[in-house]
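The chain contents come next:
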Amino acid sequence: MGSRRVGVLLVVVSAFVFSTAGIFTKGIAVAAWDIIFWRGVSAAGFTLAYLAVRGTLVQEVRQFGGVALTVTLMMGAGTAAFIPAFKLTHVANVALIYGAAPFFAAALAWFWLRELPSRTVVLASVVAFGGVLLIFTSGLGGVALRGDLLALFMTLMMAGTMVVYRAYPQTTAALPAALSSVVLLPLAYWQGDPFAVAGDQLPWLILFGLIFAVASVTLSEGARRLPPAETALLSILEMPLAPLLAYVILAERASAQVITGGAIILIAVVWSQTRGKGH
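Residues numbered from 1 in each chain as written. Predicted model: local features only at pLDDT ≥ 70, side-chain atom pairs only at ≥ 80, totals over all residues. Heavy atoms only, no water.

Asks: Help me understand the overall build of the protein chain, please; the structure alone is not making it clear to me.
Replies: The helix and strand tally for the protein chain stands at 15 helices and 0 strands. Whereas a compact globule of 279 residues would reach a radius of gyration of roughly 19 Å, the protein chain reaches 18 Å, a difference of no more than 12%. Across its three principal directions, the C-alpha atoms of the protein chain cover 50 × 45 × 30 Å. Every one of the 279 residues in the protein chain was classed for burial, and the buried ones make up 52%. Here the contacts in the protein chain between residues at least 6 apart in sequence split such that 92% fall between residues at least 24 apart. Averaged over its 16 positive side-chain charges, the protein chain has a centre that lies 12 Å from the centre of its 10 negative ones. (Helix = DSSP H or I, 4+ residues; strand = E, 2+ residues; numbered from the N terminus. Rg over C-alpha atoms; globule rule 2.2 N^0.38 Å. Buried < 20%, exposed > 50% of the residue type's maximum accessible area, 1.4 Å probe, protein only. Contact = heavy atoms within 4.5 Å. Lys, Arg positive; Asp, Glu negative; His and termini not counted. Charge placed at Lys NZ, Arg CZ, Asp CG, Glu CD.)

Asks: Help me out: how do you make sense of the side chain of Thr 161 in this one?
Replies: Counting through the fold element by element, Thr 161 comes out in helix α9 (residues 145–167). Once residues within four sequence positions are removed from consideration, Thr 161 is found in contact with Val 71, Met 74 and Met 75.

Asks: Sorry if this is basic, but what is going on with the pattern of salt bridges here?
Replies: Between side chains of opposite charge, a pair can form when the charged atoms approach closely. Within the structure shown, the criterion is met by 1 salt bridge. In this structure, Glu 252 engages Lys 26 in a salt bridge whose closest nitrogen and oxygen atoms are separated by 3.1 Å. Note that Glu 252 is positioned in the loop between α14 (238–250) and α15 (256–274) and Lys 26 in helix α2 (residues 21–27), a separation of 226 residues in sequence. The class for Glu 252 is buried, based on a relative accessible area of 15%. (Salt bridge = Lys/Arg side-chain N within 4 Å of Asp/Glu carboxyl O.)

Asks: Where do I start with the environment of Thr 56 in this structure?
Replies: Tracing the backbone shows Thr 56 in the loop between α3 (32–54) and α4 (57–63). C-alpha separation for the pair Thr 56 and Leu 237, spaced 181 residues apart in sequence, amounts to 30 Å.

Asks: Would you explain the packing of α3 against helix α12 (residues 202–223) in this entry?
Replies: Describing two packed helices takes the angle between their axes plus the distance from one axis to the other. Put simply, α3 and α12 touch, their axes get as near as 7 Å, and they point 55° apart. Compared by their axis directions, α3 and α12 come out oblique. Relative to α12, the crossing made by α3 is right-handed. In contact with Ile 35, Trp 38, Arg 39, Ser 42, Ala 43, Phe 46 and Thr 47 of α3, α12 contributes Leu 202, Leu 205, Ile 206, Phe 208, Gly 209, Leu 210, Phe 212, Ala 213 and Val 217. Split into classes, the residues belonging to the contact of α3 with α12 amount to 12 nonpolar, 3 polar and 1 charged. (Axes fitted to C-alpha atoms, helices over the stretch in contact; angles between N-to-C directions. Parallel < 35°, antiparallel > 145°, perpendicular 65-115°, else oblique. Left-handed = near helix turned anticlockwise from the far one by under 90°. Nonpolar A, V, L, I, M, F, W, Y, C, P; charged D, E, K, R; others polar.)

Asks: How should I be thinking about the packing of helix α5 (residues 66–88) against α9 in this particular structure?
Replies: Packing of α5 against α9 leaves a shortest axis separation of 8 Å and a crossing angle of 155°. One way to sum up the angle between α5 and α9 is to call them roughly antiparallel. Judged by the sense of rotation from one axis to the other, the crossing of α5 with α9 is left-handed. Here Val 67, Val 71, Met 74, Met 75, Ala 77, Gly 78, Ala 81, Phe 82, Pro 84, Ala 85 and Leu 88 of α5 come into contact with α9, specifically with Arg 146, Gly 147, Leu 150, Ala 151, Phe 153, Met 154, Met 157, Gly 160, Thr 161, Val 164 and Tyr 165. Per-class residue counts for the contact of α5 with α9 are 17 nonpolar, 4 polar and 1 charged.

Asks: How should I be thinking about the packing of aromatic side chains in this particular structure?
Replies: For any pair of aromatic rings, the description consists of the separation of the ring centres together with the inter-plane angle of the planes. Within the structure shown, the criterion is met by 10 aromatic pairs. Aromatic rings pair up to connect Phe 18, Phe 82, Phe 86 and Phe 212 into one cluster. Its guanidinium or amino end placed over the ring of Phe 208, Arg 39 lies 4.8 Å from that ring's centre, counting from NZ or CZ. Over the ring of Phe 212 we find Arg 39, and its NZ or CZ is 3.8 Å from the ring centre. (Phe/Tyr/Trp six-rings, centres within 6.5 Å; stacked < 30°, edge-to-face > 60°. Lys NZ or Arg CZ within 6 Å of the ring centre and 35° of its normal.)

Asks: Even after reading the chapter, I still don't get helix α1 (residues 3–18), so can you show me in this structure?
Replies: Quick reminder: α-helices carry 3.6 residues per turn. Residues three or four places apart thus point the same way. The end-to-end C-alpha separation of α1 is 22 Å, in line with the 22 Å expected for 16 residues at 1.5 Å each. Residues Arg 4, Gly 7, Val 8, Val 11, Ser 14, Ala 15, Val 17 and Phe 18 constitute the buried set of α1. (Expected span 1.5 Å × (residues − 1).)

Asks: Just to check I follow, could you spell out the environment of Thr 172 for this structure?
Replies: With respect to the element layout, Thr 172 can be found in the loop between α9 and α10 (174–182). Judged by relative accessible area, which is 2%, Thr 172 ranks as buried. The spacing of Thr 172 and Arg 224 is 52 residues in sequence and 9.8 Å in space, taken between C-alpha atoms. Each residue touching Thr 172, except ones within four places of it in the same chain, is listed here: Glu 60, Gln 63, Phe 64, Ala 68 and Tyr 165.

Listed below in structure tokens is the structure:
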């Protein structure tokens, strides 16, 4: 399997796994900073254990440099916004705002790398943006402005991470994902009360951490193999999946416009992949 196909597969897996984040965040009766703390402990633990089992932990530590530190801080900042966003607004809002990621990633890649996305990716991004506009006209975009703004900030951080990995593909992937959780632990402890969390909630928080670890590593590894705009475009497969899961599991109803917009986005992503290599 070629490098690009591996990249596509990894980013798709990441999008599917990330789509469950809203379900965990809203389904767990724990404050946002307490979720960040315990999910961080779990995600870091699983990721570091994964590296140790693979025998690559020492290598990742040796390769960890200034670029990896930048990625770590960006991912940490994105996480700090991601979880509270779900608590303050609808799952659909967070997922839909993430639909802006291809445009941010493409703009950053052009400004920094002078890398222009293909016409296929540009056209698919425009179509996907049409789906986003359709969803926002349903009224969801006006709910809980603070949550929407946090989701927008998270989107910027993720788009930036994609571009950094494209610019420096040799940058380690798994260790920054683990450390992005670790750097938030002191702040999460200070802002929350993680050791007061009920025992029956801890297994769910640990599972959430495992899922986050899998999603972060697969996204980082996939981003190293694809242009930033294409990575972002594929990753917004999360957009139609997250509202669907929210409806099925949390009974958070999406309107016909939301469903239609999600379908448009999905079609755009699939079309962009069947048109060719996209770069």
